[in-house]
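These are the residues of each chain, in order.
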Amino acid sequence: QVQLDESGGGLVQAGGSLRLSCAASGRSFSSNSMGWFRQAPGKERDLVAAITWSGSNTYYKDSVKGRFTISRDDALNTVYLQMNSLKPEDTAVYYCAAAMYGRNFYMPGSYSYWGQGTQVTVSS
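Residues numbered from 1 in each chain as written. Predicted model: local features only at pLDDT ≥ 70, side-chain atom pairs only at ≥ 80, totals over all residues. Heavy atoms only, no water.

1. A word on the overall build of the protein
Tallying secondary structure elements over the protein gives 0 helices and 11 strands in all. Shown N-terminal to C-terminal, the secondary structure of the protein runs as helices and strands in the order β-β-β-β-β-β-β-β-β-β-β. For the protein, the C-alpha radius of gyration of 13 Å lies close to 14 Å, the compact-globule estimate for 124 residues. For the protein, the proportion of its 124 residues judged to be buried stands at 42%. Counted over contacts in the protein with a minimum sequence separation of 6, partners at least 24 positions apart contribute 58%. For the protein, the exposed area adds up to about 6300 Å²; of that, 47% sits on carbon and sulfur atoms. Taking the average place of the 11 positive charges on the side chains of the protein and the average place of its 9 negative ones, the gap between the two points comes to 3 Å. (Helix = DSSP H or I, 4+ residues; strand = E, 2+ residues; numbered from the N terminus. Rg over C-alpha atoms; globule rule 2.2 N^0.38 Å. Buried < 20%, exposed > 50% of the residue type's maximum accessible area, 1.4 Å probe, protein only. Contact = heavy atoms within 4.5 Å. Areas by Shrake-Rupley, 256 points an atom, 1.4 Å probe, with all protein chains shown as cover. Lys, Arg positive; Asp, Glu negative; His and termini not counted. Charge placed at Lys NZ, Arg CZ, Asp CG, Glu CD.)

Following this line, the structure appears as structure tokens:
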């Protein structure tokens, strides 16, 4: 059974940092691009950051550029999202996702495997 398990969410003050982790099990995703999405109450799910299977290319939503960093460790079958200088508008449920093989990593429709999500709350 393929599973993506997110962890690392929580409550943090504005300006603080969190590191999200996404551990995959059931199969290797070393050949798949991976992404982090987020969904705030009443809003659509947005692609926040993504990384290609090789790690050589990344994508970031404009509002998180310079603050968030996505990385992967294929030996651990894990993807990370380092979030610095957090703002209240970053508050959302964050989801890890794996893209279908060969699909564009910056296209939300490319993602087919999803985790259950982890809550991130940034207080002002």
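2. Examining the sheet that holds strand β8 (residues 78–83)
Read across the sheet, 4 strands follow the order β1-β3-β8-β7 without closing on themselves; strand pairing throughout is antiparallel. Since the sheet does not close on itself, it has two edges, and those belong to β1 (3–7) and β7 (68–73), each with one partner. Strand-to-strand, the axes of this sheet are offset by a mean angle of 15 degrees, without reference to chain direction. (Pairing = 2+ DSSP bridges. Axes fitted to C-alpha atoms, helices over the stretch in contact; angles between N-to-C directions.)

3. Let's talk about the pairing of strand β4 (residues 34–39)
Taken across its 6 residues, β4 has 5 buried, putting it largely inside the fold. With antiparallel pairing between neighbouring strands as the criterion, β4 and strand β5 (residues 46–51) make up a hairpin whose turn holds 6 residues, including glycine 42 at a positive phi of roughly 75 degrees. Strand direction decides the pairing type here: β4 and strand β9 (residues 92–99), joined by 6 bridges, are antiparallel. When the bridges of β9 are listed, methionine 34 appears paired with alanine 98.

4. Thoughts on unusual backbone geometry
Even without a glycine there, the phi angle at asparagine 77 is positive, about 55 degrees. Its place among the elements puts asparagine 77 in the loop between β7 and β8.

5. A short note on the pattern of salt bridges
This model, assessed by the stated rule, comprises 5 salt bridges. Across the pair arginine 38 and aspartate 90 runs a salt bridge, and its minimum N-O distance is 2.9 Å. Linking arginine 38 in strand β4 with aspartate 90 in the loop between β8 and β9, this pair joins segments that are 52 residues apart in sequence. Its salt-bridge partner being lysine 65, residue aspartate 62 comes within 3.0 Å of it at the nearest N-O pair. Judged on exposure class, the residue aspartate 62 and its partner lysine 65 are both exposed. Members of the salt-bridge network, linked through shared partners, are Arg38, Arg67 and Asp90. (Salt bridge = Lys/Arg side-chain N within 4 Å of Asp/Glu carboxyl O.)

6. Some words on the side chain of threonine 118
By secondary structure assignment, the location of threonine 118 is in strand β11 (residues 118–123). A distance of 3.3 Å separates a polar side-chain atom of threonine 118 from the backbone nitrogen of glycine 9. In this structure, threonine 118 is in contact with Glu6, Ser7, Gly8, Gly9, Leu20, Ala92, Val93 and Tyr94, ignoring residues within four places of it in sequence. (Polar contact = N/O pair within 3.5 Å; in protein donor to acceptor, adjacent residues only side chain to side chain.)

Any functional reading would require information beyond the geometric quantities listed.
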